[in-house]
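These are the residues of each chain, in order.
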Amino acid sequence: MQIRRAESADGAPIREIAVRSKGYWGYDRERLRAWAEKLDLLGREIWIAEDRGKPVAWLALLPPDDGVVELDDLWVDAPAIGRGVGSELFRFARERARALGGSALRWEAEPNAVGFYERMGAETIGTATSSWGRRLPVMRVAV
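Q: Got a minute to help me understand the sheet that holds strand β7 (residues 135-142) in this structure?
A: To summarise the sheet geometry, strands pair through backbone hydrogen bonds and adopt either a parallel or an antiparallel arrangement. Pairing within the open sheet is mixed, and its seven strands lie in the order β1-β2-β3-β4-β5-β7-β6. Each edge of the open sheet is held by one strand with a lone partner, namely β1 (2-5) and β6 (123-129). Taking each pair of neighbouring strands and ignoring which way they run, the sheet shows an average axis angle of 30 degrees. The strands touched by helix α3 (residues 85-99) within the sheet are β1, β2 (45-51), β3 (54-65), β4 (68-76), β5 (104-108) and β7, with β3 carrying the most contacts at an inclination of about 25 degrees.

Q: For this particular structure, what's the right way to read the pattern of salt bridges?
A: Opposite charge on two side chains permits pairing when their charged atoms draw close. By the definition in use, this model includes 13 salt bridges. A salt bridge links D77 to R20; the nearest nitrogen and oxygen atoms lie 2.6 Å apart. With D77 in the loop between β4 and α3 and R20 in helix α1 (residues 11-23), this residue pair connects regions lying 57 residues apart in the sequence. Residue classification places D77 among the buried positions, given a relative accessible area of 4%. Two residues, R83 and D51, come together in a salt bridge whose shortest N-O distance is 3.0 Å. Separated by 32 residues along the polypeptide, R83 in the loop between β4 and α3 and D51 in strand β2 bring together distant segments of the chain. A relative accessible area of 22% places D51 in the partly exposed class.

Q: Looking at this structure, how should I read the packing of aromatic side chains?
A: When we look at a pair of aromatic rings, we describe it by the centre distance and by the angle of the planes. Evaluated as defined, the whole model comprises nine aromatic pairs. The interplanar angle of 80 degrees and the centroid separation of 6.2 Å between the aromatic rings of F90 and F116 together place this pair among those described as edge-to-face. Of this pair, F90 sits in helix α3 while F116 sits in helix α4 (residues 114-119); the two residues are 26 residues apart in sequence, bridging distant segments of the chain. A connected cluster of aromatic rings, assembled from ring pairs, spans F90, W107, F116 and Y117. The residue whose ring lies beneath K22 is W132, and the NZ or CZ to ring-centre distance is 5.2 Å. Between the NZ or CZ atom of R31 and the centre of the ring of W132, over which it lies, the distance is 4.0 Å.

Cut-off values and rules
- Residues numbered from 1 in each chain as written.
- Predicted model: local features only at pLDDT ≥ 70, side-chain atom pairs only at ≥ 80, totals over all residues.
- Heavy atoms only, no water.
- Pairing = 2+ DSSP bridges.
- Helix = DSSP H or I, 4+ residues; strand = E, 2+ residues; numbered from the N terminus.
- Axes fitted to C-alpha atoms, helices over the stretch in contact; angles between N-to-C directions.
- Contact = heavy atoms within 4.5 Å.
- Salt bridge = Lys/Arg side-chain N within 4 Å of Asp/Glu carboxyl O.
- Buried < 20%, exposed > 50% of the residue type's maximum accessible area, 1.4 Å probe, protein only.
- Phe/Tyr/Trp six-rings, centres within 6.5 Å; stacked < 30°, edge-to-face > 60°.
- Lys NZ or Arg CZ within 6 Å of the ring centre and 35° of its normal.

Just geometry here; none of it tells us what the structure is for.
Structure below.
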């Protein structure tokens, strides 16, 4: 697997990966498509994981604020879930957060992914309300 910086032409593949990734958990497909179309891909550092040249996952980071780097998105294409792609990409996010001068990585987690993040060493530090009105765990890990 290779991880590379996203380019402007990657917008459509990034959105499709997000739809299939979130769709893995049974969310309504039309609602997911509408949500993905509104994803703000500007002003964030976006990285894409590729397997044999094909995008299979991506993440977005926001610059450090008081030492904390925000993991704004991390999505693994549904067929790649369970193959170690997410673990490798999350490790990359931690390394990148450290390179950006952060001491911690923080994010609002998809509730179905909490177990994954806990296995990666993260802990829940609070909750937030999503744009869908759901309560999301806020997680953090030292970098």
